[in-house]
Amino acid sequence: MSDPARQLEQIESPCIGVCRLDENDLCVGCCRSRREIAEWLAYSPGRRREIMDRLPARAEGRFAQG
């Protein structure tokens with residue numbers, strides 16, 4: 001008997017397991033918004049890539065603010 005979970009496509013994710021939202025509703029671990037986290041599995045691979053490409057700038061902005 002095969003495991004159905006092993007048959008699922010690997011989905012790229014920026015999650016690092018530090019799951020807590022800041023005052024701006026962004027995850028302190030991956031910088032995704034609450035909505036992006038909730039809808040991540042429903043997004044197309046292209047949409048996920050667009051978000052992933054913006055995360056470094058979000059993180060940089062957070063650290064620049066102090």
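Located above this text is the structure these notes cover.
Residues numbered from 1 in each chain as written. Predicted model: local features only at pLDDT ≥ 70, side-chain atom pairs only at ≥ 80, totals over all residues. Heavy atoms only, no water.

Colleague: If you had to explain the packing of aromatic side chains to someone new, which residues and values would you point to?
Modeller: Scanning all chains against the criterion turns up 1 aromatic pair. Measuring from centroid to centroid gives 6.2 Å for Trp40 and Tyr43, while their planes differ by 75°, and the two rings are edge-to-face. Across this residue pair, the class does not change: Trp40 and Tyr43 are buried. In this structure, Arg32 is placed above the aromatic ring of Trp40, and the distance from its NZ or CZ to the ring centre is 4.7 Å. We note Arg47 situated over the ring of Tyr43; from NZ or CZ to the ring centre the distance is 5.4 Å. (Phe/Tyr/Trp six-rings, centres within 6.5 Å; stacked < 30°, edge-to-face > 60°. Buried < 20%, exposed > 50% of the residue type's maximum accessible area, 1.4 Å probe, protein only. Lys NZ or Arg CZ within 6 Å of the ring centre and 35° of its normal.)

Colleague: Tell me what's going on with the side chain of Asp22, and back it up with residues and numbers.
Modeller: By the element assignment, Asp22 lies in the segment before helix H1 (34–39). Given a relative accessible area of 16%, Asp22 falls into the buried group. Excluding anything up to four places from it in sequence, Asp22 contacts Val28 and Arg62. (Helix = DSSP H or I, 4+ residues; strand = E, 2+ residues; numbered from the N terminus. Contact = heavy atoms within 4.5 Å.)

Colleague: Outline the pattern of salt bridges, listing residues and values.
Modeller: If charged atoms from side chains of opposite charge come close, those side chains can pair. Counted according to the given criterion, the structure contains 6 salt bridges. Taking the shortest distance from any N to any O, the salt bridge between Arg58 and Glu36 comes out at 2.7 Å. Placement of the pair is Arg58 in helix H2 (residues 45–65) and Glu36 in helix H1, with a sequence separation of 22 residues. By relative accessible area, which is 7% here, Glu36 ends up buried. (Salt bridge = Lys/Arg side-chain N within 4 Å of Asp/Glu carboxyl O.)

Colleague: Explain unusual backbone geometry residue by residue, including any values.
Modeller: For Asp25, which is not glycine, the phi dihedral falls at a positive 65°. Residue placement: Asp25 occurs in the segment before H1. The class for Asp25 is partly exposed, based on a relative accessible area of 32%. If you check the backbone angles, Cys31 has positive phi at about 70° while not being a glycine.

Colleague: So what's going on with the state of the cysteines? Residues and values would help.
Modeller: Tallied over the entire structure, the rule returns 0 disulfides. Free cysteine: Cys15, not disulfide-bonded; nearest cysteine sulfur from Cys19 at 4.1 Å. Judged by relative accessible area, which is 40%, Cys15 ranks as partly exposed. Free cysteine: Cys31, not disulfide-bonded; nearest cysteine sulfur from Cys30 at 6.8 Å. Cys31 sits in the buried class, given a relative accessible area of 5%. (Disulfide = S-S within 2.5 Å.)

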